[in-house]
Amino acid sequence: FYQPMLSSSVITINEIRQIFSNLTELVAIHRSFLSELEQICTEWSEDSLIGQMFVKREKDFLKYQPFVNNFDYAMKAVANISKNNPSFSAFVVSCLQKPGSEHRDLPSYFIQPVQRLPRYILLLSDLFKHTPPSHEDYLFLEAALETVKSVTDQINEAKRISDNSLKLNEINQNLIGMPNLLQMISEKKHFFEGDLVDKTKKKDVFVYLLNGLMIISKRRKDGKMDYQSTLIIGRQTSISDIPDSKHDSNCFKVVNALTTETLATFQARSINEKENWIQAFQDAHAYDSARLRSITKKPSQLISVDGSP
């Protein structure tokens, strides 16, 4: 897809760069990686080493970060361009008809780099499992496995941070009329959002759930959200399921656990959505509790060799 797209005019160069991110850099890295692996396999013996290949490429593996972060954006961009650009859609269809495509669409190819490092973990785990401790490659494979796991964890964490930043920016762009909006959400983590019925005020609302904060809004015809109110979620705030009755179903309430006062009552559209809201609320509460523990935890006092602080 990439090379034919460059030589065509179905989309702009800037759109191609936004969609494919640093794909060419990853291709170059893996051509070099493949060449080294083929050399080892050509001269294979019982003493051949595989693990150290992975260990020394830690910095190369970290270069997956931009591509992984960009994945969701790329898929949305491809879907939007396909919808609004008939020439691009025809181009993609023509690419699928080529023998080398294996009749796999763009998303099928795009997911391959995203899955590459997790697949390396499975491969290295299997190699490590079947390598005797006496073999020279045993420790290299162990180190390689830890290296790839560490890089994958770093990439996943950075992806979560990137996704959260994009979501907060989306809220900032779409929510109209909330005082000090950026100040309120800039350090927050997004957990859930969706349509609910505010049972107290008897109206449809759209609610954003962040750690420590529920933002209640109302949908507008232009796709934006009108700010309605804010519900602060403190340490003593809890969420409770409300059993179904003849008149209502799929309801839950937000409660002050100290006073048992009901702060808000909502109705979800289905039992699954209600369960998702309750779980998301609990996750947000656990996240805030963990953050509080990490902030208040005192570092242990360092003691010198002679016993003085």
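Remember, it's a predicted structure, so these values are computed and weren't measured experimentally.

(A) Structural context of the overall build of the protein. Of the regular secondary structure elements, the protein holds 11 helices and eight strands. Over its C-alpha atoms the protein spans a radius of gyration of 26 Å, topping by over 25% the 19 Å that the globule rule assigns to 309 residues. Summarising its shape, the C-alpha atoms of the protein cover approximately 75 × 75 × 40 Å along the three principal directions. Among the 309 residues that make up the protein, the fraction classed as buried is 36%. Summarising the internal contacts of the protein: among those between residues at least 6 apart in sequence, 55% fall at separations of at least 24. Only carbon and sulfur atoms are counted for the fraction: they give 53% of the accessible area of the protein, which is about 18,900 Å². The average position of the 37 basic charges and that of the 37 acidic charges among the side chains of the protein differ by 9 Å.

(B) Structural view of the packing of aromatic side chains. Applying the stated criterion across every chain, the model contains 16 aromatic pairs. On the basis of an interplanar angle of 35° and a centroid distance of 5.3 Å, the ring pair of Phe20 and Phe110 is categorised as tilted. With Phe20 in helix α2 (residues 13–20) and Phe110 in helix α8 (residues 106–129), this residue pair connects regions lying 90 residues apart in the sequence. Of the two residues, Phe20 and Phe110, both sit in the buried class. Each ring, one from Phe33 and one from Tyr120, has its centre 6.0 Å from the other, and the planes form 50°; the classification is tilted. With Phe33 in helix α3 (residues 23–42) and Tyr120 in helix α8, this residue pair connects regions lying 87 residues apart in the sequence. One exposure class covers both Phe33 and Tyr120, and it is buried. Aromatic ring contacts, followed pair by pair, group Tyr2, Phe20, Phe67 and Phe110 into a single cluster. The positively charged end of Arg104 is found above the aromatic ring belonging to Tyr109, 4.7 Å away from the centroid.

Definitions and cut-offs
Residues numbered from 1 in each chain as written. Predicted model: local features only at pLDDT ≥ 70, side-chain atom pairs only at ≥ 80, totals over all residues. Heavy atoms only, no water. Helix = DSSP H or I, 4+ residues; strand = E, 2+ residues; numbered from the N terminus. Rg over C-alpha atoms; globule rule 2.2 N^0.38 Å. Buried < 20%, exposed > 50% of the residue type's maximum accessible area, 1.4 Å probe, protein only. Contact = heavy atoms within 4.5 Å. Areas by Shrake-Rupley, 256 points an atom, 1.4 Å probe, with all protein chains shown as cover. Lys, Arg positive; Asp, Glu negative; His and termini not counted. Charge placed at Lys NZ, Arg CZ, Asp CG, Glu CD. Phe/Tyr/Trp six-rings, centres within 6.5 Å; stacked < 30°, edge-to-face > 60°. Lys NZ or Arg CZ within 6 Å of the ring centre and 35° of its normal.

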